[in-house]
Amino acid sequence: RPQHLSGLEIIRDLCEGKLEGGEIGSTEITFTPGKIRGGTHIADTKTAGSVCLLMQVAMPCVLFAASPSELHLKGGTNAEMAPQIDYTVMVFKPIVEKFNFTFNCDIKKRGYYPQGGGEVIVQMSPVKELSPVNLTERGTVTKIYGRAFVAGALPIKLAKDMSAAAVRCIRKEIRDLYINIQPVREPDDQAFGTGSGIIIVAETSTGCLLAGSSLGKRGKNSDKVGIEAAEILLRNLKHGGTVDDSLQDQLIIFMALAKGVSRVKSGPITLHTQTAIHFAEQLTKAKFTVKKSEEEDPSKDTYIIECEGMGMINPNL
C-alpha cells in the first residue's frame, strides 16, 4: 500500500539503493542497498498512510548513516492500524532512546483519515553503536496523563467527553491516583482535515511508560472512544510487563542491532513481535529467546524477551 511503498522509497533514497517492483499492489520487490548517506529526504504517502510507520522504517538506517538526517514525513499522523504520533512522541521516543541515541520529532501539521495531509520532521544523528537495554522492572504506577483531541469541524465538547469517560473507566480500577487527560482542540493552522482521538499514558516508578489509545470516527460515540483507550491501558497494566503491546514489536530491531544482551519483560507476545523476531534473526546474527517470566505470580501472562544483539558498528564514524 502507499505507506509501504513510501517507506521503501525513503530507504532507497537514504542509501542510494536500487528498488525493483516498487509499485502499489506489487507482491515481490528486489532491493539492493548502497551506502547510507543521511541528509534531507522527503517521504509522502499522499494518503492517510502513517508517518509513524515511515519513521519506523527509516530510523534504524539513519542511525548507521554517514551524516545526520532530516526526514520530512507526510501522510496521516493519527491513523488507524498504526501508532499515533502522540504515542511515538510520548512513549516510543523516551523508551527507544535508552538504546543510547536521541532524535527530534517536530509535528508541523496533523493529518487524519481519509486525506492525510500531516507532516512531521524527524532529525537524527548517526551513532557508532547501540547499547543494549534492560527493561525488566515494572515498578508501581505513579501517574496517568494524556490528551484527548479534536481537529477541524469537531467541537471541543467531544474531547471533554472522551477524557471524562476515560477517567471514569480508569477510576474503577485505580482509585488513588490523579489522572490528567487534557482535552484539546488542535489549532486550525496545525491540522489538516477533521479527526479526533485520545491517548492515555501510565508512568511507573522505574520509568516505564505504557499506553492505551483510540481514534474517533463518524458514528462512534465519543464516550466509547475514551473507554476503549482506558481499557487498553488497563489491560496493559494488568499483565505486569514493562512495555505495552504496541511498543513490544517496535523494540525488536533495536535489540537485534545493539551490542550485548537486551532484556524486555512483556505481556503476551503479539503476532507483530513474533514476525519482527523471525525477520530480525534472518537478517542479522542476533539471537532471540522468549520465555515465560518465572518470578511473576503464575496467573500473570508475562514473558522475558531476550536478545544477544549483533553489535552493528557504524562504518562511517
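Residues numbered from 1 in each chain as written. Predicted model: local features only at pLDDT ≥ 70, side-chain atom pairs only at ≥ 80, totals over all residues. Heavy atoms only, no water.

The name given to the protein chain in an unreviewed UniProt entry is RNA 3'-terminal phosphate cyclase, with Tauraco erythrolophus as the source organism. On record in UniProt, under Sequence similarities (unreviewed entry), the comment for the protein chain is "Belongs to the RNA 3'-terminal cyclase family. Type 1 subfamily." The UniProt entry for the protein chain carries the following comment under Catalytic activity (unreviewed entry): "a 3'-end 3'-phospho-ribonucleotide-RNA + ATP = a 3'-end 2',3'-cyclophospho-ribonucleotide-RNA + AMP + diphosphate". (UniProt positions renumbered as here; feature names shortened; annotations may be inferred.)

Peer 1: I'd like a rundown of the overall build of the protein chain, residues and numbers included.
Peer 2: Helix and strand content of the protein chain: seven helices and 15 strands. Scaling as 2.2 N^0.38, a compact globule of 317 residues should have a C-alpha radius of gyration of about 20 Å, and the protein chain matches this with 20 Å. Principal axes of the C-alpha set define a box for the protein chain whose edges measure 55 × 50 × 35 Å. Out of the 317 residues belonging to the protein chain, those deemed buried represent 49%. If you sum the accessible surface of the protein chain, you get close to 14800 Å²; carbon and sulfur atoms cover 53% of it. Across the protein chain, the 37 positively charged side chains and the 36 negatively charged ones have centroids separated by 3 Å. (Helix = DSSP H or I, 4+ residues; strand = E, 2+ residues; numbered from the N terminus. Rg over C-alpha atoms; globule rule 2.2 N^0.38 Å. Buried < 20%, exposed > 50% of the residue type's maximum accessible area, 1.4 Å probe, protein only. Areas by Shrake-Rupley, 256 points an atom, 1.4 Å probe, with all protein chains shown as cover. Lys, Arg positive; Asp, Glu negative; His and termini not counted. Charge placed at Lys NZ, Arg CZ, Asp CG, Glu CD.)

Peer 1: Account for the environment of G152, naming residues and giving values.
Peer 2: With respect to the helices, strands and loops of the structure, G152 is situated in the loop between β8 (141-151) and α4 (156-173). Of the residues examined, G152 reaches a relative accessible area of 23% and is grouped as partly exposed. For the pair G152 and D188, spaced 36 residues apart in sequence, the C-alpha separation works out to 6.6 Å. Excluding anything up to four places from it in sequence, G152 contacts R185, G193 and T194. (Contact = heavy atoms within 4.5 Å.)

Peer 1: Give a description of the pattern of salt bridges that names residues and reports values.
Peer 2: Throughout the structure, instances matching the rule amount to 18 salt bridges. Among the salt bridges present, the one from D86 reaches R110, with a minimum N-O distance of 3.0 Å. Taken together, the residues span a long stretch of sequence, with D86 in helix α3 (residues 85-96) and R110 in strand β5 (residues 103-111) at a distance of 24 residues. The pair formed by D86 and R110 is uniform in burial state, with each residue classed as buried. Here K220 and E228 are joined by a salt bridge, their closest N and O atoms 3.0 Å apart. One network of salt bridges, with partners in common, ties together D86, R110, R147 and E186. (Salt bridge = Lys/Arg side-chain N within 4 Å of Asp/Glu carboxyl O.)

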